[in-house]
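# Breakdown of the fold
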Amino acid sequence: SYEESIGATITSVQRPTYTFGVVAGLLVSLLILLQLTYSDSRVRSLRQLARLVGADAVLGSTSTNSDEARDRRIAVSLRHAMGIASATTVRCLPLRTAGLDPSILSRIANLAGSQFDTALPFATIEVSELISTPTTQIDVIVVQKNLDLRKDVVEAFAAMRRSGRPLAGAILLE
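These remarks concern the structure in this document. (Residues numbered from 1 in each chain as written. Predicted model: local features only at pLDDT ≥ 70, side-chain atom pairs only at ≥ 80, totals over all residues. Heavy atoms only, no water.)

### Here we look at the sheet that holds strand β2 (residues 89-94)
Across the sheet, which stays open at both edges, the 5 strands sit in the order β1-β5-β4-β2-β3 with parallel pairing between neighbours. Where the open sheet ends on each side, the last strands, each with one partner, are β1 (58-62) and β3 (115-118). For this sheet, the mean angle separating the axes of adjacent strands, direction not counted, is 25°. With 4 bridges connecting them, β1 and strand β5 (residues 167-173) associate as parallel partners. Residue pairing for β5: V58 is matched across the bridge by A170. Across the sheet, helix α2 (residues 46-53) touches β1, β4 (137-144) and β5, and the angle it forms with β1 is around 160°. This element, helix α6 (residues 150-162), spans β2, β4 and β5 of the sheet and lies at about 175° to β4. (Pairing = 2+ DSSP bridges. Helix = DSSP H or I, 4+ residues; strand = E, 2+ residues; numbered from the N terminus. Axes fitted to C-alpha atoms, helices over the stretch in contact; angles between N-to-C directions. Contact = heavy atoms within 4.5 Å.)

### Here we look at the packing of α2 against α6
For the pair α2 and α6, interaxial distance at closest approach is 10 Å and the crossing angle is 40°. Judged on the interaxial angle alone, α6 and α2 are oblique. Considering how the two elements wind past one another, α2 and α6 form a crossing that is right-handed. In this structure, α2 uses Q48, L49, L52 and V53 to contact α6, whose residues at the interface are R150, V153, V154 and F157. Of the residues that constitute the contact of α2 with α6, the class distribution is 6 nonpolar, 1 polar and 1 charged. (Parallel < 35°, antiparallel > 145°, perpendicular 65-115°, else oblique. Left-handed = near helix turned anticlockwise from the far one by under 90°. Nonpolar A, V, L, I, M, F, W, Y, C, P; charged D, E, K, R; others polar.)

### Focus on the side chain of D152
Along the chain, D152 falls in helix α6. Filtering out sequence-adjacent residues up to four positions away, D152 remains in contact with L95 and R96.

### Describing α2
Among all positions of α2, only Q48, L49 and V53 are buried. Looking straight down α2, one finds that the buried residues subtend no more than 115° of arc, so they occupy a single side. Opposite the packed face of α2, turned more than 90 degrees from it, sit the exposed residues R47 and R51. Immediately downstream of α2, the backbone of G54 shows phi near 100°, a positive value. (Buried < 20%, exposed > 50% of the residue type's maximum accessible area, 1.4 Å probe, protein only. Arc of directions from axis to C-beta.)

### Quick word on unusual backbone geometry
Backbone geometry at S86 places phi at a positive 55°, although glycine is not the residue there. Mapped onto the fold, S86 is located in the loop between α3 (68-85) and β2. Exposure remark for S86: the relative accessible area of 55% places this residue in the exposed category. The backbone of N146 sits at a positive phi, close to 70°, despite the residue not being glycine. Its place among the elements puts N146 in the loop between β4 and α6. The exposure class assigned to N146 is partly exposed, which follows from its relative accessible area of 36%.

### What to know about the environment of R150
Summarising the element assignment, R150 is placed in helix α6. According to the relative accessible area criterion, R150 is partly exposed, its value standing at 27%. Residues R150 and S103 lie 47 residues apart in sequence; the distance between their C-alpha atoms is 25 Å.

Written out as structure tokens, the structure is:
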């Protein structure tokens, strides 16, 4: 057998090598984070919704957990819009998914002192139903946090503004 010793085994790494590794790792992770943030097109917050439809058109956000102050704010905004439109009922219009929890919307409708009806999702509802003009009904666009796309919100809001129906605004469901 033959054995040859070439040099000493490295027992320590110099500090600049560690520094370079940490800086390179942070830079790569920052680039990945920026790419994910830029390419994400879902509605993630109430602030994003306000930027999409305007702050005056946002009624508020709510969730399955009851928050009296937050729900009351939505109910007051909804009641104000109903008074302007002389409406007695609210039609909730989800964007894509029809599987909304009706207890959330009924809780807000009860606070506002009105009845509510959940329509088919905006993506599947007939155009004739979008533009029909009942005299006692007002529309609310229901946006589901982390599910609905920003472009869908903009399209639905623009279409409902042009429909001739009274539109109260948008609610974000968390």
